[in-house]
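In case you want the letters, here they are:
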Amino acid sequence: MKNKLQGYFPIIIAGLICIALLAFYLYYEPLYHQLDHEKFKGDDDEAGGIFKLLGNGAIIVGTLSFSWYLLKKKLKSPFKYVKIAAKKVFSFHTYFGWAALALVVIHGGYYLITDFKKPDNLTGAAALVLLLFLAGYGYLLNRNKKGKKKLRSAHFILSIMWIAAILIHGGGFVIGCGVALAVLFVGITWLERRSTATA
């Protein structure tokens, strides 16, 4: 039992760090507004807009990376182009993940420098911690031939945790990306079933 849990210790550590950050966010966020701080100006200037777009870009490539968990079921699709797309997503899955990490670091770094006291930095930090652990498990998964089942399971759990954290941080844009992915998957599945039924 102990050996089985050892592979998940990093997940527990990451989860505890995130819970602490989110708890501090819930405590600090009302205080921040009570202090009547001036509105953060980073979103209004050109640089702030660019770095906000980089954060949205991280969510998009993160969605593309996660889409592999759905599209891998389409590797045997009756539609040629769907199978090709699924294979392409698989081949780029790792690159999407590293791109998401790079964009999050750049996006978060800017806001930490320009407004360190902003409460949203705490939810962003929680998402970054999970993404770092997620990238670490992904790296080990690609490097190790043994224990892939446990590593893959941990990688998936961390990806779900990251989605939850980024949903708290990114809000509506994250929901939009999730809905778009769900609609795409459901649409492809519906077309496959209709094609099979009429064959």
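Read on for an overview of the structure. (Residues numbered from 1 in each chain as written. Predicted model: local features only at pLDDT ≥ 70, side-chain atom pairs only at ≥ 80, totals over all residues. Heavy atoms only, no water.)

### Structural notes on the packing of helix α6 (residues 120-143) against helix α7 (residues 148-170)
It is the contact of α6 with α7, at a shortest axis distance of 9 Å, that shows an interaxial angle of 160 degrees. It follows that α6 is roughly antiparallel to α7 by the angle criterion. Between α6 and α7 the crossing geometry is left-handed. When its residues are assigned to classes, the contact of α6 with α7 shows 16 nonpolar, six polar and three charged. (Axes fitted to C-alpha atoms, helices over the stretch in contact; angles between N-to-C directions. Helix = DSSP H or I, 4+ residues; strand = E, 2+ residues; numbered from the N terminus. Parallel < 35°, antiparallel > 145°, perpendicular 65-115°, else oblique. Left-handed = near helix turned anticlockwise from the far one by under 90°. Nonpolar A, V, L, I, M, F, W, Y, C, P; charged D, E, K, R; others polar.)

### A short note on the nonpolar core
One finds L130, L131, Y137, L158, W162 and I166 to be the most contacted residues of the largest nonpolar core, which totals 32 residues. The greatest single-element share of this core, amounting to ten residues, is contributed by α6. When sequence neighbours within four positions are dropped, the list of residues in contact with L158 reads I11, A14, L130, F133, L134 and Y137. (Core = buried A, V, L, I, M, F, W, Y, C linked by side-chain atoms within 4.5 Å. Buried < 20%, exposed > 50% of the residue type's maximum accessible area, 1.4 Å probe, protein only. Contact = heavy atoms within 4.5 Å.)

### Considerations on helix α5 (residues 80-114)
Between its terminal C-alpha atoms α5 stretches 49 Å, which fits the 51 Å expected from 35 residues at 1.5 Å a residue. Along α5, the sharpest kink reaches roughly 50 degrees, centred on F92. Within the span of α5, buried status applies to V82, A86, V89, H93, A100, L101, L103, V104, H107, Y110 and Y111. (Expected span 1.5 Å × (residues − 1). Bend = angle between axes of the 7 residues up to and from the residue.)

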